[in-house]
Amino acid sequence: YSEDTIKKVEEGVGYATELGMYVIIDWHILNDNNPNQNKSEAKKFFKRMANEYKDQDNVLYEICNEPNGDVTWDRDIKPYANSMIKSIRKIDGDAIIIIGTPTWSQDVDIVAKDPIKNQTNLMYTLHFYAATHKDDLRNKLVTAHNAGLPIFVTEFSICDASGNGALDKDSANEWMKLINEYHMGYCAWSLCNKQESSALIKSDCKKVNDFKTSDFSDAGKWLIKWLKK
């Protein structure tokens, strides 16, 4: 959390807005496990973002990326979310707020039993990596969806959960069939040229625009194929 980081976020929002795109501003917890660990910094960050983008309808706020470790919905994440929602809503009354779920944003079925009440425009996060997460996690999605929980897949790839390893296109296809059946939003990880399986651009590609099909990795080509369907 620094001024340089803020500037980079603002650049990204500006470019996305110029192109007519939606943009998710994400507080990316991971190694800190519990969103409450840096709650004061998160609140300061989102107050600033909400003041800056309250008049834009293309900005969504994801208030905690992947809660994990000894973290539960009722004890840790839900109270954090209620506090963050209250803080954002004082400034931006109707922006979509996306809430991370337990176990690296997987336990949407647990959240569906006790979602946040008396608030509008809330969604809940599901993350998957197709080579690792298969029927067990897809069943959690089905359970939560059937319970009426609004879900946004804000991170996925078709390799394993490390972001590397072999691609599992069969599992990925099952995921996309389910997502399309439920008309759910999704964001692929990630648009970069890092040398790992989840990177959508080949590691030897140094371009920043005018991409050709040959510039994309196997994961990138798979995603483009799905997006064209």
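This text follows the structure it describes.
Report follows, based on the coordinates. For clarity, every value in this text was computed on a predicted model and none was experimentally measured.

Within the largest apolar cluster, 57 residues are counted, with the highest numbers of intra-cluster contacts made by Ile25, Phe46, Tyr61, Ile63 and Ile99. Here this core takes 7 residues from helix α3 (residues 73-89), the largest share from any one element. Beyond its immediate stretch of four places on either side in the chain, Ile25 contacts Val9, Val13, Phe45, Phe46, Met49, Tyr53, Val59, Leu60, Tyr61 and Glu62.

A full pass over the atoms with the stated rule returns 13 salt bridges. In this structure, Asp135 and Arg138 form a salt bridge, with 3.0 Å as the shortest nitrogen-oxygen distance. With Asp135 and Arg138 both in helix α6 (residues 135-146), this residue pair falls 3 residues apart, about one helical turn. Using a relative accessible area of 49% as the deciding quantity, one classes Asp135 as partly exposed. Overall, Arg138 belongs to the buried group, its relative accessible area being 8%. Residue Lys177 is joined to Glu174 by a salt bridge in which the shortest nitrogen-to-oxygen separation is 3.6 Å. Note that Lys177 and Glu174 are positioned in helix α7 (residues 169-181) at a spacing of 3 residues, about one turn of the helix. In this structure Glu174 comes out as partly exposed when scored by relative accessible area, which is 38%.

Turning our eyes to something else, we now look at the side chain of Lys78. On the secondary structure map, Lys78 appears in helix α3. With a relative accessible area of 17%, Lys78 lands in the buried category. In terms of polar contacts, Lys78 uses its side chain to reach the side chain of Asp114, at 2.9 Å. The residues touching Lys78, leaving out its near neighbours within four places in the chain, are Trp73, Asp114, Pro115 and Ile116.

On the basis of which strands lie adjacent, the open sheet formed by 6 strands has the order β1-β2-β3-β4-β5-β6 and parallel pairing. The open sheet has two free edges, formed respectively by β1 (23-26) and β6 (186-188), since each of these has just one partner strand. The sheet shows a mean angle of 30 degrees between the axes of neighbouring strands, direction not considered. As paired elements, β1 and strand β2 (residues 59-62) share 4 bridges and run parallel to each other. Following the sheet pairing, Ile25 is matched in β2 by Tyr61. Packed on one face of the sheet, helix α2 (residues 39-53) meets β1 and β2 and runs near 170 degrees to β2.

Let us look at the pairing of strand β4 (residues 122-129). Counting buried positions along β4 gives 8 out of 8 residues, so the element sits mostly inside the fold. Judged by which residues are buried, β4 turns out to be covered on both faces: Leu122, Tyr124, Leu126 and Phe128 on one side and Met123, Thr125, His127 and Tyr129 on the other are all buried. Bridge count for strand β3 (residues 97-99) against β4 is 3 bridges, and the pairing is parallel. Pairing of Ile98 across the sheet is with Met123, part of β4. Pairing geometry for β4 and strand β5 (residues 151-157), over 5 bridges, is parallel. Directly across from Thr125, in β5, lies its bridge partner Phe152. Of the crossover connections in this fold, the one passing from β4 over α6 to the parallel β5 is right-handed.

This part takes up the packing of helix α1 (residues 3-18) against α2. Across the interface, α1 lies against α2 with an axial gap of 12 Å and an inter-helix angle of 35 degrees. In this structure, α1 crosses over α2, and the sense of that crossing is right-handed. For the pair formed by α1 and α2, the contact residues are Glu3, Ile6, Val9, Glu10 and Val13 on the first element and Phe45, Arg48, Met49, Glu52 and Tyr53 on the second. Grouping the amino acids of the contact of α1 with α2 by side-chain chemistry returns 6 nonpolar, no polar and 4 charged.

So, on to empty space enclosed by the protein. Throughout the structure, instances matching the rule amount to 1 cavity of 30 Å³ or more. Of the voids in this model, the largest cavity is the one considered here, and its volume is about 40 Å³. Taken together, Phe156, Ser157, Ile158, Ala188, Trp189, Ser198, Leu200, Ala219, Trp222 and Leu223 make up the full set of residues lining the largest cavity. Listed by contribution, the elements that provide at least two residues to the lining of the largest cavity are β5 and α8 (218-227). Here the residues of the lining of the largest cavity are counted per class, giving 8 nonpolar, 2 polar and no charged.

What counts as what
- Residues numbered from 1 in each chain as written.
- Predicted model: local features only at pLDDT ≥ 70, side-chain atom pairs only at ≥ 80, totals over all residues.
- Heavy atoms only, no water.
- Core = buried A, V, L, I, M, F, W, Y, C linked by side-chain atoms within 4.5 Å.
- Buried < 20%, exposed > 50% of the residue type's maximum accessible area, 1.4 Å probe, protein only.
- Helix = DSSP H or I, 4+ residues; strand = E, 2+ residues; numbered from the N terminus.
- Contact = heavy atoms within 4.5 Å.
- Salt bridge = Lys/Arg side-chain N within 4 Å of Asp/Glu carboxyl O.
- Polar contact = N/O pair within 3.5 Å; in protein donor to acceptor, adjacent residues only side chain to side chain.
- Pairing = 2+ DSSP bridges.
- Axes fitted to C-alpha atoms, helices over the stretch in contact; angles between N-to-C directions.
- Right-handed = clockwise from strand over helix to strand, strands pointing away.
- Left-handed = near helix turned anticlockwise from the far one by under 90°.
- Nonpolar A, V, L, I, M, F, W, Y, C, P; charged D, E, K, R; others polar.
- 1 Å grid on protein atoms, 1.4 Å probe; cavity = no way out; pocket = protein on both sides within 12 Å on 5 of 7 lines; lining within 4 Å.
- Points joined across faces, edges and corners; volume = space filled by probe spheres on them.

Purely spatial values, then, with no claim about function.
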